Amino acid sequence: MNEIITLIYQKEMKKTLLPAAVLSLLMYSCTQKEARNVEIISINPTFNFSENAKFFEKIDTAFILPLETNEKCMIGTLSNVIIAKDRIIIYDEVNTSAQVSVFDMLGRFQYSIPTGNGPEEIRPVTSVSYNRYEDLIIVHQLGNKLSHFTLDGKFVRYDDDISCWPEEVVATADGYLLKINEYRDIFPIEESDCLVLQTDMKFNIENEWIPRRQGLFGTSPSRCMQYSGDNILVTSTYNDTIYEFSDENGLVPKYALEYPNRMPEEYIHEGVDKSKLNYNLFNGDMLDNGTHQYFYITNRIEGSTQVFRDKKDGKTMLTHYKYQENREQFVFLMPSWKSEDGYFINTIHMYEQGEIDMVMPLLSDRDKTMLKNTTADDNPVLLFYRLKEV
């Protein structure tokens, strides 16, 4: 295998001189592909917290959406927020009686998918996604079971014939992409040596990409796969490459991040105390909202760098976050979710007065009143904000 990779590496070197970030792409592919049309995104973390104030000048519009407080759905934590047409799908990994709930675009509670062991009920949930091809909610339950529901909550079908144990499931035009666990040595039940599997509608494996790694230490990104236009973006832990899946080309490298002081490979694996290492690392967290992209670079000593990139001109804007120094800016500096019409989405923590004070100047009088009338005992408040375009 090493000889094959070396030959491919040498072949690519003869074709063109590519940055190290692109050449490293060849080491991360189960099905080798040429590193063509890979866009390099250069980042230079400065950890200058005074730059954060400039970020607020880049916000074009912002509004809040309080989720209706309803005894049938008291949200414990927002594990995932999905905008699907005129519905907001909420995944709450804490509330076992209402793990998947749906609201309308005014924040009014519509329903929760029933929990239980019945054929039209869901058991412990590990992830939720939206199938835009069939207009269905996909609920991935513990193990290898999937339940499919319409946006109105009607049960459609149940799948329990998946041969692996996926962490995430995203629908394609004629099948699925499955993201399985990163940690090969911890979860040896998987037969595949790759992280991303492409299957047909019956979950027969058609392609496999991105090798799994032994002894990997750390956490996976909160979400590794997301729709972006007509395609799907895929990331993985400690891999500076962002891949793009399309029906025509399969999974190919799309972007490569370049940044200084990257954590050496030998420190990434289990047994190394990273809390004392002054290195930068991209662990796969990114968002693409159609107009802008967001990347998260972490450093356990200096703090984190948030990269916001305009997709039209490719220019980046950096913000920085360190818990001890600027906790009140957390709501803006680290967006958690996105819509595909240009908005980043986050939660306003009603117990953090600093966050509320920062949000207020950006809101309309109507939203200011709503926020003032909301308490920490209510269901969460979502913040939507759009950045200015070129």
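Residues numbered from 1 in each chain as written. Predicted model: local features only at pLDDT ≥ 70, side-chain atom pairs only at ≥ 80, totals over all residues. Heavy atoms only, no water.

Peer 1: Teacher, can you tell me more about the overall build of the chain here?
Peer 2: The helix and strand inventory of the chain stands at eight helices and 25 strands. Contacts in the chain between residues far apart in sequence, at least 24 positions, make up 52% of those at least 6 positions apart. Approximately 17800 Å² of the chain is accessible, and the part contributed by carbon and sulfur atoms is 49%. (Helix = DSSP H or I, 4+ residues; strand = E, 2+ residues; numbered from the N terminus. Contact = heavy atoms within 4.5 Å. Areas by Shrake-Rupley, 256 points an atom, 1.4 Å probe, with all protein chains shown as cover.)

Peer 1: Any chance you could explain the environment of H320 here in plain terms?
Peer 2: The topology assignment puts H320 in strand 22 (residues 316–321). Once the C-alpha coordinates of H320 and T298 are considered, the two residues, 22 residues apart in sequence, prove to be 9.8 Å apart. Within polar-contact distance, the side chain of H320 engages the side chain of T305 at 3.3 Å. (Polar contact = N/O pair within 3.5 Å; in protein donor to acceptor, adjacent residues only side chain to side chain.)

Peer 1: For this particular structure, what's the right way to read the packing of aromatic side chains?
Peer 2: What describes a pair of aromatic rings is the distance from one ring centre to the other and the angle between the planes of the rings. If you walk through the whole model with that rule in mind, you get 17 aromatic pairs. For the pair F63 and F384, a centre-to-centre distance of 4.8 Å together with 5° between the ring planes defines the contact as stacked. With F63 in strand 2 (residues 59–66) and F384 in strand 25 (residues 381–387), the pair connects residues that are 321 residues apart, well separated along the chain. You can call F384 buried: its relative accessible area is 3%. Considering the side-chain rings of W209 and F245, the 6.1 Å spacing of their centres and the 65° angle between planes classify their relative orientation as edge-to-face. Of this pair, W209 sits in strand 14 (residues 205–211) while F245 sits in strand 17 (residues 241–246), placing them 36 residues apart in sequence. The two residues W209 and F245 agree in class, both being buried. A connected cluster of aromatic rings, assembled from ring pairs, spans F55, F56, Y294, F308, F344 and Y385. (Phe/Tyr/Trp six-rings, centres within 6.5 Å; stacked < 30°, edge-to-face > 60°. Buried < 20%, exposed > 50% of the residue type's maximum accessible area, 1.4 Å probe, protein only.)

Peer 1: Sorry, what's going on with the sheet that holds strand 21 (residues 304–310) here?
Peer 2: Backbone-to-backbone hydrogen bonds join strands into a sheet, with any given pair of strands oriented parallel or antiparallel. Taken together, the four strands give an open sheet; going across it, the order is 19-20-21-22, and neighbouring strands pair in antiparallel fashion. Two strands bound the open sheet, and with one partner strand each, they are strand 19 (281–288) and strand 22. For this sheet the average axis-to-axis angle between neighbouring strands, irrespective of direction, equals 20°. Pairing geometry for strand 21 and strand 22, over six bridges, is antiparallel. (Pairing = 2+ DSSP bridges. Axes fitted to C-alpha atoms, helices over the stretch in contact; angles between N-to-C directions.)

Peer 1: Hey, could you run me through the pattern of salt bridges in this one?
Peer 2: A side chain of one charge can pair with a side chain of the opposite charge if their charged atoms are brought near each other. A full pass over the atoms with the stated rule returns 13 salt bridges. Two residues, R309 and E39, come together in a salt bridge whose shortest N-O distance is 2.2 Å. Of this pair, R309 sits in strand 21 while E39 sits in strand 1 (residues 39–42); the two residues are 270 residues apart in sequence, bridging distant segments of the chain. For E39, a relative accessible area of 35% corresponds to the partly exposed category. Across the pair D159 and R157 runs a salt bridge, and its minimum N-O distance is 3.9 Å. The class for D159 is buried, based on a relative accessible area of 12%. For R157, a relative accessible area of 22% corresponds to the partly exposed category. (Salt bridge = Lys/Arg side-chain N within 4 Å of Asp/Glu carboxyl O.)

Peer 1: How should I be thinking about the nonpolar core in this particular structure?
Peer 2: Among soluble globular proteins, nonpolar side chains are generally buried collectively. The biggest cluster of nonpolar side chains holds 25 residues, and the ones touching the most others in it are L177, V196, I210, I232, V234 and L251. Those elements giving two or more residues to this core turn out to be strand 11 (166–171), strand 12 (175–180), strand 13 (194–200), strand 14, strand 15 (225–228), strand 16 (231–234) and strand 17. (Core = buried A, V, L, I, M, F, W, Y, C linked by side-chain atoms within 4.5 Å.)

Peer 1: What exactly am I supposed to notice about unusual backbone geometry here?
Peer 2: Positive phi, normally seen in glycine, also occurs at D135, with a value near 60°. Judged by its relative accessible area of 25%, D135 falls in the partly exposed class. Of note, F203 is a non-glycine position whose phi angle comes to about 70°, a positive value. Position of F203 among the secondary structure elements: in the loop between strand 13 and strand 14.

Peer 1: Teacher, can you tell me more about the sheet that holds strand 23 (residues 337–338) here?
Peer 2: Ordered in space as 2-25-24-23, the four strands form an open sheet in which the pairing is antiparallel. Edge positions in the open sheet fall to strand 2 and strand 23, since each of these has one partner strand only. In the sheet, strand 24 (residues 343–348) pairs with strand 25 via six bridges, with the strands oriented antiparallel. Each residue of the ladder has a partner; that of N346, found in strand 25, is L383. Of the strands in this sheet, strand 2, strand 24 and strand 25 touch helix 8 (residues 365–372), which is tilted by about 40° from strand 2.

Peer 1: Is there a simple way to think about the side chain of T319 in this case?
Peer 2: In this fold, T319 is placed in strand 22. Beyond its immediate sequence surroundings of up to four residues, T319 is in contact with N52, F55, S304, T305, Q306, F308 and L333.

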